[in-house]
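Residue strings, one per chain:
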Amino acid sequence: MLTKANVVADASEVTVRMNDRRELSATVVGIDRKSDVAVIKVDAKNLPTVKLGDPSSIKPGEWVVAIGSPFGLENSVTAGIVSATSRALPNDGFVPFIQTDVPVNPGNSGGPLFNMRGEVIGINSQIYSQSGGYMGISFAIPIDVAVGVKDQLVKYGKVSRGRIGVTIQDVNQDFAASFGLDRPRGALVSSVEHDGPAAKAGIEPGDVILKVNESAVDRSSELPALIAGLKPGA
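This structure is a prediction, so every number in the text was calculated from the model and none was measured.

Caption draft 1: Region of the structure containing the nonpolar core. If you look at the biggest cluster of nonpolar residues, it comprises 16 residues, and the most contacted ones within it are Phe 97, Ile 141 and Ala 146. Every element with two or more residues in this core is listed here: strand S4 (37–42), strand S8 (92–100), strand S10 (119–127), strand S11 (138–142) and helix H2 (143–156). Here this core gets four residues from one element, more than from any other, and that element is H2. Setting aside residues up to four positions removed in sequence, Phe 97 forms contacts with Ala 84, Thr 85, Ser 86, Arg 87, Leu 89, Asp 92, Ser 125, Gln 126, Phe 139, Ala 140, Ile 141 and Pro 142.

Right, dumping it as structure tokens:
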């Protein structure tokens, strides 16, 4: 079972409440604060499950629904649309968030985000707010990212992430023109860590990273999550 890392990490006991009001004691399998994902385990059989979807197939404008317990109101459903995908947030460069306008309030975090086929495509994580309340911008952890974290926590007890050792910035129109690019895209390398993986591979300041394997890099904010998703040594 996947849930919020910070909630689990700060808890002295973890209890899972089922729809039929049963309460099951849970043990913590592992926690990854960088992705805000935790894995917990309950000792029970024949538990209901949900079908997982493919977050990479969703597009802005698609309808999604969230299920949670905002303010203690159990099994509440809220709806909205996908606003954007692969959003990078300050201090959260390891997760390419799904941005939606689904109302998310205290008690929604850690709950599932569903597409219209009833498939879970994300875990509701946080909101952007200047007031502390919901303001129409919420973020979910893509379920494939969460499952990848889960697999490593279950197998190794921790999460290992790739890194290349560069500082990057966006490519603006002037840079794009000077580099001969058709439009602003990619991640401009502004500095390279001495003896880091990028330096050893021959990457230099002024280079523009346009792809990671087969994944295009349109904005610099997309690069950290793509690199983090690779295993060290890849």
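Caption draft 2: Structural context of the sheet that holds strand S13 (residues 187–192). Spatially, three strands are ordered S12-S13-S14 in an open sheet, and the strand pairing comes out antiparallel. Taken across any chain shown, the strands that pair with only one partner, and hence form the sheet edges, are strand S12 (166–170) and strand S14 (208–209). Across two bridges, S13 lies against S14 in antiparallel orientation. Along S14, the bridge assignment pairs Ala 187 with Ile 209.

Caption draft 3: Focus on the pattern of salt bridges. Applying the stated criterion across every chain yields a total of eleven salt bridges. For Asp 218, the salt bridge is made with Arg 183, and the minimal N-O distance between the two is 2.7 Å. With Asp 218 in the loop between strand S16 (215–216) and helix H5 (223–228) and Arg 183 in the loop between helix H3 (173–179) and S13, this residue pair connects regions lying 35 residues apart in the sequence. Note on Arg 183: relative accessible area 40%, which makes it partly exposed. Here the residues in one salt-bridge network are Arg 17, Glu 23 and Glu 74, joined through shared partners.

Calculation rules
- Residues numbered from 1 in each chain as written.
- Predicted model: local features only at pLDDT ≥ 70, side-chain atom pairs only at ≥ 80, totals over all residues.
- Heavy atoms only, no water.
- Core = buried A, V, L, I, M, F, W, Y, C linked by side-chain atoms within 4.5 Å.
- Buried < 20%, exposed > 50% of the residue type's maximum accessible area, 1.4 Å probe, protein only.
- Helix = DSSP H or I, 4+ residues; strand = E, 2+ residues; numbered from the N terminus.
- Contact = heavy atoms within 4.5 Å.
- Pairing = 2+ DSSP bridges.
- Salt bridge = Lys/Arg side-chain N within 4 Å of Asp/Glu carboxyl O.

Purely geometric numbers; function is a separate question.
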